[in-house]
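Topology and contacts: notes
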Amino acid sequence: MANDPKLGVSGTMSMEPPSPKDIKLDDALLQELKSRNEFEAPEETQRRHSVLDRLESVLKRLVAMVGKQQGLPPGILNEAGGKIFTFGSFELGVYGPKSDMDTLMAAPKHVSREDFFQYMPDLLRKEFKPEEIAELTPVPGISVPIIKLELCGVSVDLIFCRLHLQSVPKSQELSNLDLLRGLDDTDLKCVNGTRVTRRILELVPQTKVFRMALRAVKLWAKQRALYGNIVGYPGGVAYAMMVARICQLYPRAAAPLVIWKFFYLMRKWNWPSPVLLQNHEEGSINLREWDPSIYPGDKRHLMPIITPAFPRANACHTIGPSTKKVLLQEMERAEGIVRSIYESGRPWRDLFQRHSFFTDAYRHYICVITAGRTKEAQQAWSGLVESKVKWLIVGIEHSDAKSVELVQPYNKGFNRVHECKGDADIDKTLDGNLDCQVKEIKTVTTEQAGDVQFQAAAQTDTDGQEVPAPNGEAEVPPQTDGPQTIWTTTFYLGIGLTKGANSLDISSPIRDFTQQCKEWQNYDENLHSIRVKHMRNYDLPADVFAEGETRPTRTKKKSAPKTTDPTAMDAANKKRSFNNSGLDTLDDPAKRRASANGTATPNGVPPR
């Protein structure tokens, strides 16, 4: 190992090989991951490769067809090719039975993105039998245009890029920086996923150890609701880079020690010093890169995790003060558990315990309730709102910093369907009431729903970006007669208040947030709704809890004796000053007051 090339930007912290205890714990970790169905059966992986082979043959037909239309000579067409690349969890080797397969189609220069979206859907329908296609949804009008597929039971996120090459042979790779010349922003985003993923794998000393450790860290993050860059947590690539850095520092370690050092070092890291896997790769192409010495916005990033491929970027630019604090607290908890696993034989399952976000983490929650009069209207609208929740958090953090300790977003929304008999039912449903919820339709999270319109809107980088309806079809008009169906998605934020806080006014950031959402160019007040409410923990709906979890209950307060003491009366008045928080309260419907759509009216948020 001493003769191996240097990996990373510094020397190693230890070159010790695994101890017998490391090996024993590694076996135990493997069994725990298997018991949680984290690994896919070999025959299922083979099915993925079969789908990829068929997709590449479809791509080559597209390349040939478009070339013929343009009158290219047979010599060029015969060599034009076209190649499939994968990225994300599949390329990293940490996918599970239900993981999407992120797939890039790279075509030569005579094939445009317009050609891809015009012809690829029909070519796919010719290649795959109807019973093999469970989903085929093109979404061209977003920052990373995509076709969402389910082929032969395999979920595929298919993107496209046009390389400035006359041919794309089977041997073509994407590591050469010259390939980036002349690419537009969309092609750069599409091609960089594969470039970053493959570079990460090149920079880790032991791929097998890296993959085992990353599987464990990702499972921990998902179980603790700390996964997803849209609302301010690291995503899969960011966690991969952090684990890769630990592997570089401990190049001979087994996965259990890498996991322990991951939690210890990442919580002790000298943030905002960036996590880097390699020294800066100089490029002769003039592209914007992450550089805090030039860009003030980059300098404000709290936990920079920098991608290793040019142009480098921060994969964690959405992390704010609250989500950083939550992450570090959770890492401290996890480090203590892994320490106990090493020192006292604690089981690995304790590391992967489900979060307590709804059960006992907070007494008070903010509910962001989005609604649509049609399913199609709600899908993109709720995704757009989720993408802006981080700005609501920033607004709250800055509006009353002395009272707010943190605002923790839950990393998924909850989709519900309601049937309303009249205007009164509609208004209370838009207000968050669940009396009209259709009991036969199970509440699902936005992750479980996997809706491509929601995901596309949530991932949009530009405010107000238009997200077309699936397949370019017109939206189904809302019902006008009989019972009205309303689709809602609710996002929950836990509010932690500082000890002794006796006032809170967040009406201004809520007003700004709802206004920002309504500035979306597709917003239609006849189709869309957004309201923001306060909810106590004992009023949380049953469907946010997992089976077997204990729901919070309201504690009975002892009646305080009447007093004429001015000091005691003044303290009571200060406590009631939480009525200036700027939020309606979601509790007993009989006590709830109606409010205008998207308007916050005063009602109390007492301290945590």
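Summary of the structure given here. Keep in mind that this is a model prediction, so the values were computed, not measured.

What counts, and where the lines are drawn
Residues numbered from 1 in each chain as written. Predicted model: local features only at pLDDT ≥ 70, side-chain atom pairs only at ≥ 80, totals over all residues. Heavy atoms only, no water. Helix = DSSP H or I, 4+ residues; strand = E, 2+ residues; numbered from the N terminus. Expected span 1.5 Å × (residues − 1). Contact = heavy atoms within 4.5 Å. 1 Å grid on protein atoms, 1.4 Å probe; cavity = no way out; pocket = protein on both sides within 12 Å on 5 of 7 lines; lining within 4 Å. Points joined across faces, edges and corners; volume = space filled by probe spheres on them. Nonpolar A, V, L, I, M, F, W, Y, C, P; charged D, E, K, R; others polar. Salt bridge = Lys/Arg side-chain N within 4 Å of Asp/Glu carboxyl O. Buried < 20%, exposed > 50% of the residue type's maximum accessible area, 1.4 Å probe, protein only.

With that settled, consider helix 9 (residues 255–268). Along its 14 residues, helix 9 runs 20 Å from first to last C-alpha, staying within 8% of the 20 Å computed at 1.5 Å per residue. Turning to helix 9, the residues buried within the fold contact helix 1 (20–35), helix 7 (207–223), helix 8 (236–249) and helix 11 (321–344).

Another point: empty space enclosed by the protein. One pass over the full model with this rule turns up two cavities of 30 Å³ or more. Within this model, the largest cavity holds a volume of roughly 80 Å³. Looking at the lining of the largest cavity residue by residue, the classes come out as six nonpolar, four polar and three charged.

Our next topic: the pattern of salt bridges. Scanning all chains against the criterion turns up 31 salt bridges. Between R125 and D122 there is a salt bridge, with the nearest N and O atoms lying 3.1 Å from each other. Separated by three residues within a single helix, R125 and D122 lie in helix 5 (residues 113–127), roughly one turn from each other. For E173, the salt bridge goes to R198, with nearest N and O atoms at 2.7 Å. Placement of E173 in the loop between strand 5 (154–162) and helix 6 (185–202) and of R198 in helix 6 is noted, with a sequence separation of 25 residues between them.

Taking 1.5 Å of rise per residue, the 14 residues of helix 8 would be expected to cover 20 Å, and the 20 Å separating its terminal C-alpha atoms lies within 8% of that figure. The element helix 8 is largely enclosed, with a buried count of 12 among its 14 residues. Listing the buried residues of helix 8 in full gives A238, Y239, A240, M241, M242, V243, A244, R245, I246, C247, Q248 and L249. Of the surrounding elements, those touching the buried residues of helix 8 are helix 4 (88–92), helix 6, helix 7, helix 9 and helix 11.

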